[in-house]
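Given next are the chains, with one letter for each unit.
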Amino acid sequence: MQVKHVAPSTIRRLSLYLHFLEMCAQAGTATVSSRALAEAGGATPAQVRKDLSFFGSFGRRGVGYPVPQLAEHLREILGLSRSYRVVLVGAGRLGAALAHFEGFRDRGFEIVAVYDADPAKVGAALDGLAVRDEGSLEADLAAQPADIGVIGVPCAAAQAVADRLVKAGVKALLNFAPVHLAVPEGVSVKHVNLALELDGLAFALRNGDR
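Within every chain, residues take consecutive numbers counted from 1 along the sequence as written. Residue-level local features of this predicted model are given only where pLDDT is at least 70; pairs of side-chain atoms are given and counted only at 80 or more, and the full residue set underlies all totals for whole chains, interfaces and linings. Hydrogen atoms and water are omitted, and side-chain values are computed over all heavy atoms in the structure.

1. Observations concerning the pattern of salt bridges
Throughout this description, the term salt bridge denotes a Lys or Arg side-chain nitrogen within 4 Å of a carboxyl oxygen of Asp or Glu. Across all of its chains, the model carries nine salt bridges by this definition. Between Arg132 and Asp140 there is a salt bridge, with the nearest N and O atoms lying 3.1 Å from each other. Classification of residues uses two cut-offs on accessible area relative to the type maximum, computed with a 1.4 Å probe and protein chains only: under 20% is buried, over 50% is exposed, and between them is partly exposed. Residue classification places Arg132 among the partly exposed positions, given a relative accessible area of 31%.

Put into structure tokens, the structure is as follows:
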């Protein structure tokens, strides 16, 4: 199923619903209510029904949503019913943490190669992968294309790395560098800026928000 023009907030809630459903499945729960999904997604029951109705008809009034079937539908909607090849550029402390993050593999995102420009890091092992010389990035991707590029380099190098990944055919980037990336149309970018998130928490503490 391919759907366009879905708000990022909706996608985020669908992901939260899916995580909750997976926990329910592990606990042996057969059905869940829209209220339970709403609590998991930080929404209202009406919002849950609206989110799901955008993609089809799910559940039965008074009965709830069947956990396995709804989870399967959400994986299909979110594109998680297939695996993705991921390359990680940057083998510093952040890159090492990302390489060992089990959540990638659990969701079908397989890190197939790790790169770094520092000769001292090239050849070192990260989660069973030998760090490769960043200079071989284009040739490697020409031989074995990747779906997603994860950028874990300093901000001064992030745009150049993004440009190289895009030129090599990578259509989706996950950027951990604290800088905005300019990419051509047709390339998706998600920015993960921990400093901005901490700024938000500091503001909340300063102003008494929760």
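2. Here we look at the environment of Ile148
Its place among the elements puts Ile148 in strand β8 (residues 148-151). Considering only alpha carbons, one finds Ile148 and Val166, 18 residues apart in sequence, at a separation of 9.9 Å. It only takes one pair of heavy atoms within 4.5 Å for two residues to be counted as in contact. Among residues more than four places away in sequence, those in contact with Ile148 are Tyr84, Arg85, Val86, Val87, Phe109, Val170 and Ala172. Here a helix means four or more residues in a row that DSSP labels H or I, a strand means two or more in a row labelled E, and each is numbered from the N terminus.

3. Points about the packing of helix α1 (residues 8-27) against helix α4 (residues 67-78)
Every axis in this analysis is a line fitted to C-alpha atoms, fitted for helices over the stretch in contact. Angles between the N-to-C directions lie between 0 and 180 degrees. The interhelical angle for the contact between α1 and α4, taken along N-to-C directions, is 145 degrees, at an axis separation of 9 Å. Regarding α1 and α4, the two cross each other, and that crossing is left-handed. Contact residues: Ile11, Leu14, Ser15, Tyr17, Leu18, Leu21, Glu22, Cys24 and Ala25 in α1; Val67, Leu70, Ala71, Leu74, Arg75, Ile77 and Leu78 in α4. Polarity classes work like this: nonpolar for Ala, Val, Leu, Ile, Met, Phe, Trp, Tyr, Cys and Pro, charged for Asp, Glu, Lys and Arg, and polar for all others, with Gly in that last group. The class makeup of the residues in the contact of α1 with α4 is 13 nonpolar, one polar and two charged. Crossing handedness is read from the near helix: turned anticlockwise from the far helix by less than a right angle, it gives a left-handed crossing, and turned clockwise, a right-handed one.

4. Topic: the sheet that holds strand β9 (residues 172-175)
We call two strands paired when DSSP finds no fewer than two bridges between them. Read across the open sheet, the six strands follow the order β7-β4-β3-β8-β9-β10; overall the sheet is parallel. Two strands lie at the open edges of the sheet, namely β7 (132-133) and β10 (188-191), each paired on one side alone. The pairing of strand β3 (residues 84-89) with strand β4 (residues 109-116) spans six bridges and is classified as parallel. In the sheet register, Val86 faces β4, and the bridge partner there is Ile111. Against the sheet, helix α8 (residues 155-167) engages β3, β8 and β9, with an angle of about 170 degrees to β8.

5. Quick word on helix α9 (residues 194-207)
Here, expected helix span is obtained from the residue count minus one, scaled by 1.5 Å. Over its 14 residues, α9 runs 20 Å from end to end, which matches the ideal 20 Å to within 8%, given 1.5 Å per residue. Counting buried positions over the 14 residues of α9 gives one, only a small fraction of the element. Taking the backbone nitrogen of Ala195 as reference, a side-chain oxygen 3.0 Å away marks Asn193 as the first, capping residue of α9. Trailing α9 by a residue or two, Gly208 shows a phi angle of about 80 degrees, which is positive. Contacts described as polar in this section are N or O atom pairs within 3.5 Å, which, within protein, must combine one atom able to donate a hydrogen with one able to accept it, while residues neighboring in sequence count only if both atoms come from side chains.

6. Focus: the packing of aromatic side chains
Pairs were defined over the aromatic rings of Phe, Tyr and Trp, the Trp ring being its six-membered one, requiring ring centres within 6.5 Å. Orientation was assigned from the angle between planes: stacked under 30 degrees, edge-to-face over 60, tilted for the rest. Scanning the entire structure with this criterion turns up three aromatic pairs. With centroids separated by 5.2 Å and ring planes inclined at 80 degrees, the aromatic side chains of Phe54 and Phe55 adopt a geometry described as edge-to-face. Arranged with centres 5.3 Å apart and planes meeting at 15 degrees, the rings of Tyr84 and Phe109 form a pair that is stacked. Here Tyr84, found in strand β3, pairs with Phe109, found in strand β4; they are 25 residues apart in sequence, far enough to count as distant. The buried category is assigned to Tyr84, whose relative accessible area is 17%. Either the NZ atom of lysine or the CZ atom of arginine qualifies as a charge over a ring when it sits within 6 Å of the ring centre and within 35 degrees of the ring normal. When the ring centre of Tyr84 is taken as origin, the NZ or CZ atom of Arg82, which lies over that ring, is 4.0 Å away.

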